[in-house]
Amino acid sequence: MDLTLSGINGADDLLFINKFRDSCRKYRKDGLIDIDKHLKHKFCYKIYRLEDLIPKLGSSVPPKRQAVYNIASFKNRDREKTIGLNTFPIKENTLLIVAKRIVHYRKYFSSSSCGYVLLFNRNVFLNTAIFEQVIINKKVRKNSVTPYLYLNDWQANLLSEIFECILREHQDIDQQMQEMIAIKILKLLIHCDRLYSEAALIAEGKSFNSPIEKFLELIEI
């Protein structure tokens, strides 16, 4: 993957949003949209504020899957979200984790949605001093993780600071900022990992199907 196509300027960000929206509209009738099949747009990461993104996407996004990791944080209450087999309400300070290739959707977006969404793949860590082994066991990469947490204000504010830092670095086209962004994404992963550990949600009754997880890992290899 060409790392120069990582989405570090406003024009490319807008182009990605428009292509994503058009793919969802065009292939909605398929029932489940394979984004990787229809959206030919290379990137290492994308980050948006929900209040900027949702008006451009429209009020709903059909069921979809994509070979990227998705971390989202909602500051305020919103409608239901479905990730895999889990359907749950978006409450104040909700953290969402969507592993690669997991189906997820929302029937309607609230116009008052506020927060952040980060999409990234393993290539964001290429050409940096961060080895993939450092992040390979992070819980947020596992399909067996319950895909949401309800945070307290302190936890949510801590994640918001990291999201805002990534957004600031995102505006700089300096190649050195690419490594800084990778470090900040790693920091976000570490904090999410700790939150899940504290919540003790990695339990036998709170998982997706483990054979499916192993199958998806084999596909990635």
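Residues numbered from 1 in each chain as written. Predicted model: local features only at pLDDT ≥ 70, side-chain atom pairs only at ≥ 80, totals over all residues. Heavy atoms only, no water.

Enquirer: Help me understand the overall build of the protein, please; the structure alone is not making it clear to me.
Expert: Helix and strand content of the protein: 6 helices and 10 strands. A fraction of 81% describes how many contacts in the protein between residues 6 or more apart in sequence connect residues 24 or more apart. As presented, the protein carries roughly 11500 Å² of accessible surface, and 53% of it is formed by carbon and sulfur atoms. (Helix = DSSP H or I, 4+ residues; strand = E, 2+ residues; numbered from the N terminus. Contact = heavy atoms within 4.5 Å. Areas by Shrake-Rupley, 256 points an atom, 1.4 Å probe, with all protein chains shown as cover.)

Enquirer: Which parts of the structure should I look at to understand the pairing of strand β4 (residues 69-74)?
Expert: Strand residues, when the strand is regular, have side chains that alternate between the two faces of the sheet. Of all 6 residues making up β4, 6 are buried, and the element is well covered by its neighbours. Judged by which residues are buried, β4 turns out to be covered on both faces: Tyr69, Ile71 and Ser73 on one side and Asn70, Ala72 and Phe74 on the other are all buried. As paired elements, β4 and strand β9 (residues 115-120) share 6 bridges and run antiparallel to each other. Paired with Ala72 across the strands is Val117, a residue of β9. (Buried < 20%, exposed > 50% of the residue type's maximum accessible area, 1.4 Å probe, protein only. Pairing = 2+ DSSP bridges.)

Enquirer: Looking at this model, I keep getting lost on the packing of helix α1 (residues 10-26) against helix α3 (residues 50-57). Mind explaining?
Expert: One can describe the packing of α1 onto α3 by two numbers: an axis separation of 9 Å at closest approach and a directional angle of 45°. One way to sum up the angle between α1 and α3 is to call them oblique. Where α1 crosses over α3, the two elements pack in a sense that is right-handed. Across the interface between the two elements, Leu14, Ile17, Phe20, Arg21 and Arg25 of α1 pack against Leu53, Lys56 and Leu57 of α3. In the contact of α1 with α3, the residues fall into 5 nonpolar, no polar and 3 charged. (Axes fitted to C-alpha atoms, helices over the stretch in contact; angles between N-to-C directions. Parallel < 35°, antiparallel > 145°, perpendicular 65-115°, else oblique. Left-handed = near helix turned anticlockwise from the far one by under 90°. Nonpolar A, V, L, I, M, F, W, Y, C, P; charged D, E, K, R; others polar.)

Enquirer: What exactly am I supposed to notice about the layout of surface pockets here?
Expert: Empty space among the atoms can be located by rolling a probe the size of a water molecule over them. Of the voids in this model, the second largest pocket is the one considered here, and its volume is about 220 Å³. Looking at the second largest pocket, it is lined by 14 residues, and the ones nearest its centre are Asp13, Ile47, Tyr48, Asp52 and Gln171. At the level of secondary structure, the elements contributing two or more residues to the lining of the second largest pocket comprise α1, β2 (45-49), α3 and α4 (153-170). By residue number, the principal contributor to the lining of the second largest pocket is α1, which donates 4 residues. Among the residues making up the lining of the second largest pocket, the classes are represented as 6 nonpolar, 3 polar and 5 charged. (1 Å grid on protein atoms, 1.4 Å probe; cavity = no way out; pocket = protein on both sides within 12 Å on 5 of 7 lines; lining within 4 Å. Points joined across faces, edges and corners; volume = space filled by probe spheres on them.)

Enquirer: Looking at this model, I keep getting lost on empty space enclosed by the protein. Mind explaining?
Expert: The final tally for this structure, using the stated rule, is 2 cavities of 30 Å³ or more. The space that makes up the largest cavity amounts to roughly 380 Å³. Along its surface, the largest cavity is lined by 24 residues, and Leu53, Lys64, Asn70, His104 and Val117 are the ones closest to its centre. Among the elements of the structure, α1, α3, β3 (61-65), β4, β7 (94-98), β8 (104-106) and β9 are those that each provide at least two residues to the lining of the largest cavity. Among the elements that line the lining of the largest cavity, the one with the most residues is α3, at 4 residues.

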